[in-house]
Amino acid sequence: MTLRLGGELLAIESGLVREVLEPGAITRVPNAPAFAAGLLNVRGTVVPLTDLRIPLRMPRCPRDADTRILVLDLKLAGAASVVGILAEKVHEVTQISSAAIEDVPDVGARWPAQFVRAIGRKDTQYFIIPDLDAIFAAFLAVPLGAALQIA
C-alpha cells in the first residue's frame, strides 16, 4: 500500500494493514514521546497512534482532508499488536516486483538508514519501504518521557 508522508512516498506491506480510517477523536497522552503521543478508539479497542515522520526525520504537516490513519497488525516485542500510523494521504494497493526493490544508497539518503528497509521503484517513481520492526523496536525501547537520539 502506498502512502504520502512528509512529502515522500512510502510503501507498507498491504498484508499488515487492517483498515484505513479517517482521523476521528485522538486522545493526547501527557508526557508521551512525539512518536506515540495519542490514542484512538477503533471499535472499542484502544489503539496507540504513531507518527513515522519522527523516526524518519520528515517534516510534520498539519492534518487536512486527505489525512488518514492506517491501522496495522504488527508483532511487537514478540506479541501481536494493533497500532495506528498517520498518513498524509493514502494512494493505492499496488504490486511491486522484487526486481524493483533496491538497497538504500550509502550516499544521498536523508532518512536514518537503520529505519529504512529498502527503496522501491514503480515506473519512474521511487518510494521508501520503512523497516517497521526496527522503528518500533527502537521507539518501544525508550522509557516514557525520554528522548530518542537518532544518529
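The structure this text deals with has already been given above.
Throughout what follows, the structure given in this document is the object of discussion. (Residues numbered from 1 in each chain as written. Predicted model: local features only at pLDDT ≥ 70, side-chain atom pairs only at ≥ 80, totals over all residues. Heavy atoms only, no water.)

**Observations concerning the side chain of E88**
No. 1: Among the structural elements, E88 can be located in the loop between β8 (79–87) and β9 (89–90).
No. 2: The exposure class of E88 is buried, given its relative accessible area of 15%.
No. 3: From its side chain, E88 meets the backbone nitrogen of G6 in a polar contact 2.9 Å long.
No. 4: With sequence-adjacent residues up to four places away left out, E88 is seen in contact with R4, L5, G6, G7, R53, P59, C61, D64, D66 and T67. (Helix = DSSP H or I, 4+ residues; strand = E, 2+ residues; numbered from the N terminus. Buried < 20%, exposed > 50% of the residue type's maximum accessible area, 1.4 Å probe, protein only. Polar contact = N/O pair within 3.5 Å; in protein donor to acceptor, adjacent residues only side chain to side chain. Contact = heavy atoms within 4.5 Å.)

**Some points on the pairing of strand β1 (residues 2–5)**
No. 1: One ladder, built from four bridges, connects β1 with strand β2 (residues 8–11); its direction is antiparallel. By the bridge assignment, T2 is partnered in β2 with A11.
No. 2: Hairpin connection between β1 and β2: a loop of two residues separates the two successive antiparallel strands, and G6 in this loop has a positive phi of roughly 60°. (Pairing = 2+ DSSP bridges.)

**Topic: unusual backbone geometry**
No. 1: Here the phi dihedral of N31 falls at roughly 65°; this positive angle occurs in a residue that is not glycine.
No. 2: Looking at the element boundaries, N31 is found in the loop between β4 (26–28) and β5 (38–42).
No. 3: Classification of N31 as exposed rests on a relative accessible area of 67%.

**Regarding the packing of aromatic side chains**
No. 1: For the coordinates displayed, the defined rule picks out three aromatic pairs.
No. 2: On the basis of an interplanar angle of 65° and a centroid distance of 5.4 Å, the ring pair of F35 and F136 is categorised as edge-to-face. With F35 in the loop between β4 and β5 and F136 in helix α1 (residues 132–140), this pair connects stretches of sequence that are 101 residues apart.
No. 3: Look at F35 and you get buried, because its relative accessible area is 4%.
No. 4: F136 gets classed as buried once you look at its relative accessible area, which sits at 2%. (Phe/Tyr/Trp six-rings, centres within 6.5 Å; stacked < 30°, edge-to-face > 60°.)

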